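# Report on the structure
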Amino acid sequence: INRSVMSGYSLLQSDKEMLRDSFCKTVGMISIFIFPISAGLALTAPEIVIIFLGKKWIEAIPILQLLTFYGAFYALQTNISILFFAIGKPRITTLLSLAFITFLVPGLLFYIPRYGFNGAAWVYVITSALFLPLNYMIAMRELEISLSRIFSFLWRPIFATTLMFLSVQYISND
């Protein structure tokens, strides 16, 4: 997706309104796929681990569940890096990546010795969760776009995924 988005964004860089619209639609498309996939993986992690890896791997279940959130946060941010390259501002991506690593590495060095893989998963989730709004704030500033416009492309996948999640929870509790 990112390769085709990059060329599309590059072609639209002179038409800011079309670029805004394309960015929002891309965020919406990514969320249509990533939200239900992440929620579904988190919900079915116990079954997935037991079926594909066996009962010896049962300790991996909470790690897999945590990493589904990291995957969703990461997927929602990849589009932004592409945007910065396409509009001729790769320095923003570089600075954000350096900042991310600056938070990530000390967190990993502190939490892995104390909490092992669970600690590493938590550090990835928390760091990516902190950088998601930062990435979007910078993208919104660069595109001169409001949060409400972006949210207008996100609310349906959020609503549908929430319904899916609650339905599966309800059914599995019976």
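Everything below is about the structure shown above.
Sequence order sets the numbering: in each chain, residues are counted from 1 along the sequence as written. Under the rules for a predicted model, residues below a pLDDT of 70 receive no local features and side-chain atom pairs below 80 are neither given nor counted, while totals for whole chains, interfaces and linings still include all residues. Water and hydrogen atoms were dropped before computing side-chain values, which therefore reflect all heavy atoms in the structure.

### Side note on the pattern of salt bridges
- For this document, the term salt bridge refers to a Lys or Arg side-chain nitrogen within 4 Å of an Asp or Glu carboxyl oxygen. This structure, assessed with the given rule, holds eight salt bridges.
- We note a salt bridge from Glu17 to Arg149, for which the minimum N-O separation is 2.9 Å. Within this pair, whereas Glu17 is found in helix α2 (residues 16–52), its partner Arg149 is found in helix α5 (residues 147–172), the two being separated by 132 residues in sequence.
- In the salt-bridge network here, residues are joined through shared partners; they are Lys16, Glu17, Arg20, Asp21, Lys25, Glu144 and Arg149. For helices the rule is a DSSP run of H or I covering at least 4 residues; for strands it is a run of E covering at least 2, with both sets numbered from the N terminus onward.

### Overview of unusual backbone geometry
- The residue Glu144 is not glycine, and still its phi comes out positive at about 55 degrees.
- Residue position: Glu144 is located in the loop between α4 (90–143) and α5.

### What about the nonpolar core?
- As used in this record, nonpolar core signifies buried Ala, Val, Leu, Ile, Met, Phe, Trp, Tyr and Cys residues forming a set joined through side-chain atoms within 4.5 Å. Summary of the burial criterion: residues with accessible area below 20% of their type's maximum are buried, those above 50% are exposed, and those between are partly exposed, where the area comes from a 1.4 Å probe applied to protein chains only. Core analysis: the biggest nonpolar cluster contains 30 residues, and Tyr9, Leu19, Phe23, Leu83, Phe84, Tyr136 and Ile150 have the highest contact counts within it.
- Elements supplying a minimum of two residues to this core: α1 (2–12), α2, α3 (61–86), α4 and α5.
- Any pair of residues with heavy atoms lying within 4.5 Å of one another is described as a contacting pair. Beyond its immediate stretch of four places on either side in the chain, Ile150 contacts Phe23, Cys24, Val27, Tyr136, Met140 and Ile145.
- Counting six residues, the second-largest nonpolar core is a separate cluster that includes Phe100, Leu104, Ala120 and Phe131.

### Structural notes on the side chain of Ser38
- The topology assignment puts Ser38 in helix α2.
- Beyond its immediate stretch of four places on either side in the chain, Ser38 contacts Thr68 and Ala72.

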